[in-house]
Amino acid sequence: MRSERASLVELPLCEKHGLVWVIPTADGSTNFDIDPWLGGLAEELASFGFASWSFYDRRVIPETMNWKIVVDTFNEGYHVGFLHRDSLRDILHGNVTDFEAFGLNHRLTFPRRKLERLKAEPEDKWDLMWNTTLVYSLFPNTVLLVQGDHVELARAFPREGRADRSVMDLGLYVPKAPSTEEERIHWDRNMQLVLDVVTGEDFPAGRSIQVGLTSGAQTHTVYGRNEPAMIHYHQSMRTALGLRV
């Protein structure tokens, strides 16, 4: 008599808006609706049509900093003129950002330098995606970056059971799978740019922040008025943990 084969624990899962969402804790259910968690972002995410997009590349990057510092990397833009003065300063406006909260989530809109050319075009010709970088913080550990002709999906996780260790899982998604060498070179360059900027310029600063926190010399962090997304993110974290905001 053949015995039943043991299976993995089933987790609640939802496939919606071109993304797969999962609750990493078994509660006896196998599905759920993500929309109530999105705080009003559902229609906006659905508008991109990600379900028809193609996966292109993925990198898994271990880091010596807390996973929330990894997320904070994407939560403000005023550092563009300093950390990214040789890579992004001519692409993005620094220290000019639109912020909007959606429940525990939020959206940041970073204007691109080429946005200024729209002054000479009628408003009905304006295109948001091609003239900005949209950064969605999907609470608690996912960042979705809409870059006009492609999307980067970054997820941060703790590792090794340590507060100062994390890993970023970074994926690049494109409207359609490349069919020519020229297209592959284009997407490879985009992936290399985000790696150069994030791991080569942002993360060294994050590591130094972690050194200060680990040493005990830095007892707390103060966020300024030009950091609304940082404030919202950490207030959301405290809310989720049942702590006083």
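Look above for the structure.
If you're wondering where the values come from, they're calculated on a predicted model, not measured in any experiment. (Residues numbered from 1 in each chain as written. Predicted model: local features only at pLDDT ≥ 70, side-chain atom pairs only at ≥ 80, totals over all residues. Heavy atoms only, no water.)

Points about the nonpolar core
Line of reasoning, step 1. The biggest cluster of nonpolar side chains holds 33 residues, and the ones touching the most others in it are F74, V135, V143, M168 and L170.
Line of reasoning, step 2. Looking at this core, the elements with two or more residues in it are β3 (54-63), α3 (67-72), β5 (105-111), β7 (142-146), β8 (151-159), β9 (162-174), α6 (181-215) and α7 (228-240).
Line of reasoning, step 3. When residues of this core are assigned to their parent elements, the largest contribution, 7 residues, is made by α6.
Line of reasoning, step 4. Once residues within four sequence positions are removed from consideration, V143 is found in contact with V71, F74, V135, Y136, E152, L153 and A154.
Line of reasoning, step 5. One finds I34, L38, L41 and A42 within the second-largest nonpolar core, a separate group that totals 20 residues. (Core = buried A, V, L, I, M, F, W, Y, C linked by side-chain atoms within 4.5 Å. Buried < 20%, exposed > 50% of the residue type's maximum accessible area, 1.4 Å probe, protein only. Helix = DSSP H or I, 4+ residues; strand = E, 2+ residues; numbered from the N terminus. Contact = heavy atoms within 4.5 Å.)

Focus on unusual backbone geometry
Line of reasoning, step 1. F139 connects to P140 through a cis peptide bond whose omega is 5°.
Line of reasoning, step 2. Among the structural elements, P140 can be located in the loop between β6 (132-138) and β7.
Line of reasoning, step 3. Positive phi values are uncommon outside glycine, yet H17 reaches one of about 60°.
Line of reasoning, step 4. Tracing the backbone shows H17 in the loop between β1 (13-16) and β2 (19-22).

Comments concerning the pairing of β9
Line of reasoning, step 1. Within β9, 10 of the 13 residues are buried, which leaves it mostly tucked inside the rest of the structure.
Line of reasoning, step 2. The sheet contact formed by β3 and β9 spans 9 bridges and is antiparallel. Bridge pairing in β9 places R58 opposite G171.
Line of reasoning, step 3. Across 9 bridges, the pairing between β8 and β9 is antiparallel. Paired with R155 across the strands is D169, a residue of β9. (Pairing = 2+ DSSP bridges.)

Observations concerning the pattern of salt bridges
Should the charged atoms of two oppositely charged side chains come close, the side chains can pair.
Line of reasoning, step 1. What the rule picks out here adds up to 13 salt bridges.
Line of reasoning, step 2. R155 serves as the salt-bridge partner of D169, at 3.1 Å between the closest nitrogen and oxygen. With D169 in strand β9 and R155 in strand β8, this pair connects stretches of sequence that are 14 residues apart.
Line of reasoning, step 3. On the accessibility criterion, D169 (9% relative accessible area) is buried.
Line of reasoning, step 4. The partner of R159 in a salt bridge is E160, and the shortest N-O contact between them spans 2.4 Å. (Salt bridge = Lys/Arg side-chain N within 4 Å of Asp/Glu carboxyl O.)

With respect to the side chain of T142
Line of reasoning, step 1. Within the secondary structure, T142 sits in strand β7.
Line of reasoning, step 2. A polar side-chain atom of T142 sits 3.4 Å from a polar atom in the side chain of N141.
Line of reasoning, step 3. Setting aside its immediate chain neighbours within four residues, T142 contacts Y136, S137, L153, A154 and R155. (Polar contact = N/O pair within 3.5 Å; in protein donor to acceptor, adjacent residues only side chain to side chain.)

Regarding the side chain of E63
Line of reasoning, step 1. Relative to the helices and strands, E63 resides in strand β3.
Line of reasoning, step 2. Owing to a relative accessible area of 6%, E63 belongs among the buried residues under this scheme.
Line of reasoning, step 3. Polar contacts involving the side chain of E63 include one to the side chain of R207, which spans 2.8 Å.
Line of reasoning, step 4. Residues in contact with E63, not counting those within four places in the same chain, are R159, D164, R165, S166, F203 and R207.

Here we look at the pairing of β5
Note on strand geometry: in a regular strand, side chains alternate between the two faces of the sheet.
Line of reasoning, step 1. Judged by how many residues are buried, β5 sits mostly within the fold: 7 of 7 residues are covered.
Line of reasoning, step 2. Along β5, one buried face is formed by N105, R107, T109 and P111 and the opposite face, lined by H106, L108 and F110, is buried too.
Line of reasoning, step 3. As paired strands, strand β4 (residues 98-102) and β5 are joined by 5 bridges and run antiparallel to one another. If you follow F99 over to β5, its bridge partner there is L108.

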